[in-house]
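Analysis of the macromolecular model
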Amino acid sequence: MSFNNFIEPFKIKSVEPLFMTTVEQREKYIKEAHYNPFLLHSRHVMIDFLTDSGTSAMSSEQWAGIMRGDESYAGAQSWERLEAELKDLTGYPYVIPTHQGRAAERILYGYLGGKGKTFISNTHFDTTRANIEFSGAKAIDIPCIEAENHESDYPFKGNMDVAKLDELITKYGVNNIGAVILTVTNNTGGGQPVSMENAKAVAEVCKKHKVLFIIDCCRIAENAYFIKKKEKGFENKTYRQIAQEMFALADGCAMSAKKDALVNMGGFLALKNEELATACTNLLIITEGFATYGGLSGRDMEAIAIGLREVFEDDYLEYRIMSTTYLGEQIKAKGVPVLYPIGGHAVYVDAGALYPHIPAHEYPGQTLVCELYKLGGIRAVEIGSVMFGKYDENGKLIPSPMELVRLAIPRRVYTKSHFDYVVEVFDKIVQNKATTKGVKIVKEPKFLRHFTAHFEIL
Ligand SMILES: *Cc1c(COP(=O)(O)O)cnc(C)c1O
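Predicted model only: the values in this text are computed from it and were never measured.

Examining the pairing of strand β7 (residues 252-256)
- With five of its five residues buried, β7 lies for the most part within the structure.
- Of the strand pairs in this sheet, strand β6 (residues 213-216) and β7 are connected by three bridges, and their pairing is parallel. Note that in β7 the partner of Asp 216 across the bridge is Ala 254.
- Across five bridges, β7 lies against strand β8 (residues 267-271) in antiparallel orientation. Each residue of the ladder has a partner; that of Ala 254, found in β8, is Leu 269.

Describing helix α8 (residues 220-230)
- α8 sits mainly inside the fold: nine of its eleven residues count as buried.
- Listed in full, the buried residues belonging to α8 are Ile 220, Ala 221, Glu 222, Asn 223, Ala 224, Tyr 225, Phe 226, Ile 227 and Lys 228.
- For α8, the elements touching its buried residues are α7 (196-209), α9 (239-247) and α12 (314-333).

Topic: the pairing of β8
- Of all the five residues making up β8, five are buried; the element is thus mostly covered by neighbouring parts of the structure.
- By the alternation rule, side chains of β8 split into Gly 267, Leu 269 and Leu 271 and Phe 268 and Ala 270, which are all buried.
- The pairing of strand β2 (residues 94-98) with β8 spans five bridges and is antiparallel. Residue pairing across strands places Pro 97 opposite Phe 268, the latter belonging to β8.

A closer look at a nonpolar patch on the surface
- On the surface, Tyr 73, Ile 285 and Phe 290 cluster together into a nonpolar patch covering about 310 Å² of accessible area.
- Examined against the element boundaries, Phe 290 turns out to sit in the loop between α10 (274-287) and α11 (298-310).
- By relative accessible area, which is 31% here, Phe 290 ends up partly exposed.

Here we look at the domain arrangement of the protein
- Per the domain assignment, the segments making up the protein are domain 1 (3-52 + 313-457) and domain 2 (60-310).
- Using C-alpha coordinates to define each centre, domain 1 is positioned 28 Å away from domain 2.
- At the interface, 23 residues of domain 1 touch 27 residues of domain 2.
- Here domain 1 meets domain 2 over a buried area of about 2100 Å², counting both sides, of which 53% is carbon and sulfur.
- The interface formed by domain 1 and domain 2 holds six salt bridges in total.
- For Asp 260, the salt bridge identified is with Arg 411, shortest N-O distance 3.3 Å.
- Where domain 1 meets domain 2, there are 14 residue pairs in polar contact (both at pLDDT 80 or more).
- For the side of domain 1 that touches domain 2, the per-class residue count stands at eleven nonpolar, three polar and nine charged.

Let's talk about the packing of α8 against α12
- At their nearest, the axes of α8 and α12 sit 10 Å apart, and the two run at 90 degrees to each other. Comparing the axis directions of α8 and α12 gives the class roughly perpendicular. Between α8, through Ala 221, Glu 222, Tyr 225, Phe 226 and Lys 229, and α12, the contact on the second element is made entirely by Leu 317, Glu 318, Arg 320, Ile 321 and Met 322.

Topic: the site of the ligand
- Neighbouring residues of the ligand: 14 residues in total, closest Arg 102, Asp 216, Arg 219, Ser 256 and Lys 259.
- Ser 256 is positioned with one of its side-chain polar atoms (N or O) 2.7 Å from an oxygen atom of the ligand.
- Taking Lys 259, its side chain carries an N or O atom lying 2.8 Å from an oxygen atom of the ligand.
- Residue contributions to the shell around the ligand peak at three residues, all from helix α4 (residues 101-112).
- Residues that form the shell around the ligand fall into these classes: two nonpolar, six polar and six charged.

Reading the values: rules and limits
- Every chain's residues receive numbers from 1 upward, in the order its sequence appears when written.
- This being a predicted model, a pLDDT of at least 70 is required before a residue's local features are given, and a value of 80 or more before pairs of side-chain atoms are given or counted; all residues contribute to the totals for chains, interfaces and linings.
- To get the side-chain values, all heavy atoms of the structure are used, and hydrogens and water are removed first.
- Categorising residues by exposure relies on relative accessible area from a 1.4 Å probe, with only protein chains included: less than 20% of the type maximum marks a residue as buried, more than 50% marks it as exposed, and the intermediate range marks it as partly exposed.
- Numbered from the N terminus, helices here are DSSP runs of H or I no shorter than four residues, and strands are runs of E no shorter than two.
- Here the rule is simple: two strands pair whenever DSSP picks up at least two bridges between them.
- Any pair of residues with heavy atoms lying within 4.5 Å of one another is described as a contacting pair.
- Patch rule: a residue counts if its relative accessible area is over 30% and it has no salt bridge; like charges are joined within 9 Å, and nonpolar side chains (Val, Leu, Ile, Met, Phe, Trp, Tyr) within 5 Å.
- We get accessible surface area from the Shrake-Rupley algorithm with a probe of 1.4 Å; when it comes to residues, only the shown protein chains can shield them.
- Basic side-chain nitrogens of Lys or Arg form a salt bridge, by our definition, when they fall within 4 Å of a carboxyl oxygen of Asp or Glu.
- By convention here, the domain bounds are inherited from an automatic or database domain assignment.
- As used here, buried area is the combined drop in accessible area, with a 1.4 Å probe, of two parts when they are placed together.
- A 3.5 Å cut-off defines polar contacts: any pair of N or O atoms within that distance qualifies, except that in protein one atom must be a possible hydrogen donor and the other a possible acceptor, and neighbouring residues in sequence count only when both atoms are side-chain atoms.
- Following the grouping adopted for this structure description, the nonpolar residues are Ala, Val, Leu, Ile, Met, Phe, Trp, Tyr, Cys and Pro, the charged ones are Asp, Glu, Lys and Arg, and the polar ones are all others, Gly among them.
- Angles run from 0 to 180 degrees between N-to-C directions of axes, and those axes are lines fitted to C-alpha atoms, restricted for helices to the stretch in contact.
- For classification purposes, an angle smaller than 35 degrees is called roughly parallel, one larger than 145 roughly antiparallel, one from 65 to 115 roughly perpendicular, and anything else oblique.
- Definition of nearness: a residue and a molecule or strand are near each other if at least one heavy atom of the residue lies within 4 Å of the molecule or strand.

Okay, structure coming up:
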């Protein structure tokens, strides 16, 4: 299979400089940042793969929409445009705008949650879990069994384990279930897609037990791409129709517009049930804003409405997924172990397998993110024992099950030549791997240590 045949389906109207740096400069910068890329200045980063969230490039149409933004407090035209777009896309009659995804989550799951409630998901994203647990409720992840094999090419590793869902609802009792949440694509589970068949099966179980079914639809366009390409019966449907078919299965959705809405800030809830929507709107007014703007400026709502049209365009989605796949396949061809198949928004490198001589307590993932920066000015994030490791009562590290590094790809930002450059950097990393040394933690906070911990090279 060839992944070389794609071009960016856009030309460039406005450019932002990349500040070019040398290896010597970057050795100094990463040392000053205590070998933690979160502590780097962005102006010292050449290719920023830290996240795909809020990092999209907007189109000329979206910028035109920014100018058209109607900033009226109530009933703005920009709100009317966004509301109409979201009703049409989701099919849900009630739309609630928020400043980003987690605000939508806090409102919905805060209201549905509380002590004694349980939420079940293919995998809760970390802000989803945090909002559920903050309400006093419990969050259970039930990814499908196929997700455990990181080498097979099973196409829908984002699926939920439906048999387990049925069991858990019965075990906890229908009245104690806050909601069932299907995250598409499954971000925490490697950006792997969910099939329509799985979404249908989840919907059936939810209907049978009469429990609320919510879609976390941050990347539903990217998910639709995989359904059209890999699931039988969807070849002739448009990506938008596929997304609409999935929305129709659920009772509502929560979205961070920072992903597939192709904007830098925004989010929303959309719901079928009037009573639930009214309760959420009341909470919205307390902390986000009036019902016709939530946490958003008129211009933001305009850009989201346009972005949600553009994201389903054939040429865009083809380019989007092809470019992620291209990067993953190319670095795999250099002998770098990557999780398989390549997901929609990110490539995950198995740093534990790349550096078998570096034990978990010397953090192979952190080692790789430092090497990527030093050799290429590339910023990526460790998803391994720095992020998820814990200590036992004797202060010994309990490692994370995998030592991964995530290269999250911003939308419409980097070109194929940038990707080719990244592949070259990986080539160097492979050449140097036998002599690459691990790191140790010299300073760490109690919680979320990956953001601020200090390291030294061993
Ligand atoms: C980003 C994300 C969120 C949270 O959205 P924010 O806009 O960052 O608050 C929730 N769920 C998923 C799957 C996400 O990727």
